[in-house]
Amino acid sequence: MSVAIVAMASVFSMIIKGDLPGRFVWRDEQAVVFLTINPITPGHVLVVPVEEVDHWEAIEHGLFDHLTDVARTLGQALKAGFDAPRAGLMIAGLEVPHLHLHVFPAYTLEDFSFAKADPDPDPAALDAAAETIRQTLRDMGHGEYVPE
């Protein structure tokens, strides 16, 4: 008797497909960017490949290059939109088995700690942060990638 093993879609794949809600600020053929539900600082986003890839060190070079290009663009938008001196970038990858790059406005070294993540952020604050990012991206000339 053979048993078929069916892989379960990651929570991020469900968000990308629209099966779960997400506050998207960027979408192209290879990547999406949406706000995390546990932000370290306001404006904390996740850059996620549309393709399910678990480990960052196993990703195809061209796709990783694209993700980092998108992360760099988001970092510029976060610095401008939230008046931050730096944009933080981290790859943790333990909480969801789907590669994602954390990009967030960074004001101090302590902002690089997941212990600072807000476990219960105000939905209105998340909505406002998403709109700030979308408008900043439009102002920077990236409107074609900003979902409505």
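For the structure itself, look to the data block above.
Residues numbered from 1 in each chain as written. Predicted model: local features only at pLDDT ≥ 70, side-chain atom pairs only at ≥ 80, totals over all residues. Heavy atoms only, no water.

Secondary structure assignment for the protein chain yields 3 helices and 5 strands. Ordered by position from N to C terminus, the α and β elements of the protein chain give α-β-β-β-α-β-β-α. Taking 15 Å as the expected radius of gyration for a compact globule of 148 residues, we find that the protein chain reaches 15 Å, a close match to that expectation. In terms of its C-alpha atoms, the protein chain occupies a principal-axis envelope of roughly 60 × 35 × 30 Å. Buried residues in the protein chain amount to 41% of all 148 residues. Sequence-distant contacts, at least 24 apart, represent 58% of the contacts inside the protein chain between residues at least 6 apart. Put simply, the protein chain shows about 8400 Å² of open surface, and 57% of that area lies on carbon and sulfur atoms. Distance between charge centres in the protein chain, computed from 9 positive and 22 negative side chains, equals 5 Å. (Helix = DSSP H or I, 4+ residues; strand = E, 2+ residues; numbered from the N terminus. Rg over C-alpha atoms; globule rule 2.2 N^0.38 Å. Buried < 20%, exposed > 50% of the residue type's maximum accessible area, 1.4 Å probe, protein only. Contact = heavy atoms within 4.5 Å. Areas by Shrake-Rupley, 256 points an atom, 1.4 Å probe, with all protein chains shown as cover. Lys, Arg positive; Asp, Glu negative; His and termini not counted. Charge placed at Lys NZ, Arg CZ, Asp CG, Glu CD.)

Let us now look at the side chain of Arg 134. Relative to the assigned elements, Arg 134 resides in helix α3 (residues 123-139). For Arg 134, a relative accessible area of 14% gives the class buried. Excluding residues that lie within four positions of it along the chain, Arg 134 makes contacts with Arg 23, Phe 24, Val 25, Val 146 and Pro 147.

The final tally for this structure, using the stated rule, is 5 aromatic pairs. Ring pairing ties together the aromatic residues Phe 12, Phe 24 and Phe 34, which thus form one cluster. The ring centre of Phe 24 lies 4.5 Å from the NZ or CZ of Arg 27, which sits over that ring. (Phe/Tyr/Trp six-rings, centres within 6.5 Å; stacked < 30°, edge-to-face > 60°. Lys NZ or Arg CZ within 6 Å of the ring centre and 35° of its normal.)

Our next topic: the sheet that holds strand β5 (residues 101-106). Paired through their backbone hydrogen bonds, the strands of a sheet run either parallel or antiparallel. Taken in spatial order, the 5 strands of this open sheet run β1-β2-β3-β5-β4, and their pairing is antiparallel. The sheet is open, and its two edges are formed by β1 (24-27) and β4 (86-90), each paired on a single side. Each adjacent strand pair in this sheet contributes to an overall mean axis angle of 20°, direction not counted. Note that β4 and β5 share 5 bridges and pair antiparallel. Across the sheet, the residue bridging to Met 90 is His 102, located in β5. (Pairing = 2+ DSSP bridges. Axes fitted to C-alpha atoms, helices over the stretch in contact; angles between N-to-C directions.)

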